[in-house]
Amino acid sequence: MDYARYDRVRAVEWTGKALKLLDQRKLPFDVEYITCESAEEVAEAIFQLVVRGAPAIGIAAAWGLVLAGKVIGEKSKQEAVPLLQLAAVKLNAARPTAVNLAWALARMQAALALAGEDWLQRLQDCAKDIEADDLAANRHMGQLGAQLIAPGSGVLTHCNTGSLATAGFGTALGVIRAGVAEQRVNRVFAGETRPWLQGARLTVWELQQDGIDATLIADAAASHLMAGGQVQWVIVGADRITANGDVANKIGTYQLAIAARHHGVKFMVVAPSSTVDMATASGSEIEIEQRDPGELLGYGGRRTVAEGIRAWNPVFDVTPASLIDAIVTEKGVIEQPNADKMRKAFGEA
Ligand code: MRU
């Protein structure tokens, strides 16, 4: 397919000296970039959701470690390693749920371990590879996932899993892009994804850049949409897939999976193997990030809820494997995932 036609946005850009991040807090009305020149700045940008989405935060963290190396400068590998380890700890602490962050930093540290005095160049090469591998994985998953969709189908997605959340093309949104290109998908619905509105502010904007027609729905409209027979697949990304096939993803994913099963709508999870965490047995062991309750208590800087009201704001939830029809990674499709099939596909931790 013509990828350039369907993939026009980039969230993360390495300039050779610094990391440019498209500021996703400002979208869709302001397309602004921030420039990070240290690992600390990258960690803060990840925490503040300037850059977000599991693969994109892993890629940003990898470049963050390169920036730490540049700040360290012309030191020997022996002197640099402990300083780089400190930077990796800071980057890893920026957000807890998406395993891609730890995965990317572990891959960078493995490259460092094999490097000699050319350690900074090796780190740069590794960050570049992490980014390139993610883009390639997304394009491959797009093709694999689209093949599961019957021509003329409607799909519902949640959160933002597109170019903004990855190196490009996207995971779930990549499958939707490929499905539209192959005329398998002819209705796209996106949930607004309260409270941060990744769906409303990012996904429908991203699809608009591609000229893909999409309809925004309130998260609460999803069951009603399914009951009307408008969608045949719910297609989402993942922040962590555990050894038994459970999936942590944006809050609201779990209730979509329940509603999908009730209505006979299929449920697909699309994520690169960097999202698979075989060291965690099941979803109940995943740390679910809690964010500022203020995200629920106001909008656009203005309070919308009476003073004195408390709010609870977990930003991910866990969908049990039993509610998932297919997990698509670049390694292939796992239908009706369980611990056995996961072990066969990804081996032991
Ligand atoms: O809090 P966010 O916006 O980083 O959450 C993102 C999601 O939950 C995505 O669905 C997930 O990371 C997959 S992105 C390809």
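Residues numbered from 1 in each chain as written. Predicted model: local features only at pLDDT ≥ 70, side-chain atom pairs only at ≥ 80, totals over all residues.

- An unreviewed UniProt entry lists the chain under the name Methylthioribose-1-phosphate isomerase, from Pseudomarimonas arenosa.
- Taken verbatim from the UniProt record of the chain, the Pathway (unreviewed entry) comment is "Amino-acid biosynthesis; L-methionine biosynthesis via salvage pathway; L-methionine from S-methyl-5-thio-alpha-D-ribose 1-phosphate: step 1/6."
- The UniProt entry for the chain carries this comment under Function (unreviewed entry): "Catalyzes the interconversion of methylthioribose-1-phosphate (MTR-1-P) into methylthioribulose-1-phosphate (MTRu-1-P). Also catalyzes the interconversion of 5-deoxyribose 1-phosphate and 5-deoxyribulose 1-phosphate. Part of a bifunctional DHAP-shunt salvage pathway for SAM by-products." (UniProt positions renumbered as here; feature names shortened; annotations may be inferred.)

### Here's the deal with the overall build of the chain
Right, so step 1: What the chain contains, in helices and strands, is 11 helices and 16 strands.
Right, so step 2: A compact globule built from 349 residues would reach a C-alpha radius of gyration of about 20 Å, and the chain, at 20 Å, matches this within 12%.
Right, so step 3: Overall, the C-alpha framework of the chain stretches about 65 × 50 × 40 Å when taken along its three principal axes.
Right, so step 4: Long-range pairs, those at least 24 residues apart, make up 75% of the contacts in the chain with a sequence separation of at least 6. (Helix = DSSP H or I, 4+ residues; strand = E, 2+ residues; numbered from the N terminus. Rg over C-alpha atoms; globule rule 2.2 N^0.38 Å. Contact = placed C-beta atoms within 7 Å.)

### Looking at the UniProt feature "binding site: substrate" (unreviewed entry) in the chain
Right, so step 1: Within the UniProt annotation, "binding site: substrate" (unreviewed entry) is assigned to Arg-52, Gly-53, Ala-54, Arg-95, Gln-198, Asn-249 and Lys-250.
Right, so step 2: Mapped onto the elements of the fold, Gln-198 is located in helix H7 (residues 198-210).
Right, so step 3: In this structure Asn-249 touches Cys-159, Val-236, Gly-237, Ala-238, Asp-239, Phe-316 and Thr-319, once residues within four positions along its chain are discounted.

### Structural notes on the nonpolar core
Right, so step 1: Counting 110 residues, the largest nonpolar core has Val-42, Ala-60, Ala-61 and Leu-65 as its most contacted members.
Right, so step 2: Looking at this core, you find at least three residues from each of domain 1 (4-137) and domain 2 (144-346).
Right, so step 3: Not counting the four nearest positions on each side in its chain, Leu-65 is found in contact with Ala-39, Leu-84, Ala-87, Ala-88, Leu-91, Leu-105, Met-108 and Leu-123. (Core = buried A, V, L, I, M, F, W, Y, C linked by C-beta atoms within 7 Å. Buried ≥ 20, exposed ≤ 12 C-beta atoms within 10 Å, placed from the backbone. Domains from an automatic or database assignment.)

### Things to note about the sheet that holds strand E9 (residues 247-250)
Right, so step 1: The 4 strands lie next to each other as E11-E8-E9-E14, forming an open sheet whose pairing is mixed. The strands lining the two open edges of the sheet, one partner per strand, are strand E11 (276-277) and strand E14 (316-319).
Right, so step 2: As defined by bridge partners, strand E8 (residues 240-242) adjoins E11 across 2 bridges and the pair is classed as parallel. Residue Ile-241 lies in a different strand from E11, and its bridge partner there is Val-276. (Pairing = 2+ DSSP bridges.)

### Things to note about the confidence of the model for the chain
Right, so step 1: Of all residues in the chain, 100% attain a pLDDT of 70 or more, and the chain-wide mean is 97.
Right, so step 2: The ipTM, which scores confidence in the relative placement of chains, is 0.99 for this predicted complex, and the corresponding pTM is 0.97. (pLDDT = per-residue confidence, 0-100.)

### Regarding unusual backbone geometry
Right, so step 1: Along the chain, Leu-27 connects to Pro-28 via a cis peptide bond; the corresponding omega equals 10°.
Right, so step 2: Cis geometry is adopted by the peptide bond preceding Pro-195, which originates at Arg-194 and carries an omega value of 5°.
Right, so step 3: By the secondary structure assignment, Pro-195 is in the loop between strand E5 (185-191) and H7.
Right, so step 4: One non-glycine residue with positive phi stands out, namely Leu-49, at about 70°.
Right, so step 5: When you line up the elements, Leu-49 lands in the loop between helix H1 (39-47) and helix H2 (54-72).
Right, so step 6: For Leu-49, a count of 17 C-beta atoms within 10 Å gives the class partly exposed.
Right, so step 7: Phi at Gln-336 takes a positive value of approximately 45°, unusual for a residue other than glycine.
Right, so step 8: Position of Gln-336 among the secondary structure elements: in the loop between strand E16 (332-335) and helix H11 (339-346).
Right, so step 9: Using a count of 12 C-beta atoms within 10 Å as the deciding quantity, one classes Gln-336 as exposed.

### Description of the site of the ligand
Right, so step 1: Around the ligand sit 17 residues in total, of which Arg-52, Ala-54, Ala-165, Gly-237 and Lys-250 are the nearest.
Right, so step 2: At the level of elements, H2 and E9 are the ones that each hand at least two residues to the shell around the ligand.
Right, so step 3: Counting the residues that make up the shell around the ligand, at least three belong to each of domain 1 (4-137) and domain 2 (144-346). (Near = placed C-beta within 6 Å.)

### With respect to the domain arrangement of the chain
Right, so step 1: The domain architecture assigned to the chain consists of domain 1 (4-137) and domain 2 (144-346).
Right, so step 2: For domain 1 and domain 2, the distance between their C-alpha centres works out to 24 Å.
Right, so step 3: On the side of domain 2, 33 residues touch domain 1, which itself brings 28 residues to the contact.
Right, so step 4: By residue number, the principal contributor to the side of domain 1 that touches domain 2 is H2, which donates 5 residues.
Right, so step 5: Of the residues that constitute the side of domain 1 that touches domain 2, the class distribution is 16 nonpolar, 5 polar and 7 charged. (Nonpolar A, V, L, I, M, F, W, Y, C, P; charged D, E, K, R; others polar.)

### Digging into the packing of H2 against helix H5 (residues 119-146)
Right, so step 1: Relative orientation of the contacting elements H2 and H5 amounts to 170°, with a least axis distance of 9 Å. The angle between H2 and H5 falls in the class roughly antiparallel. The hand of the H2/H5 crossing is left-handed. Every residue of H5 that contacts H2 at Pro-55, Gly-58, Ile-59, Ala-62, Trp-63, Leu-65, Val-66 and Gly-69 is listed here: Leu-120, Leu-123, Gln-124, Cys-126, Ala-127, Ile-130, Glu-131 and Asp-134. (Axes fitted to C-alpha atoms, helices over the stretch in contact; angles between N-to-C directions. Parallel < 35°, antiparallel > 145°, perpendicular 65-115°, else oblique. Left-handed = near helix turned anticlockwise from the far one by under 90°.)

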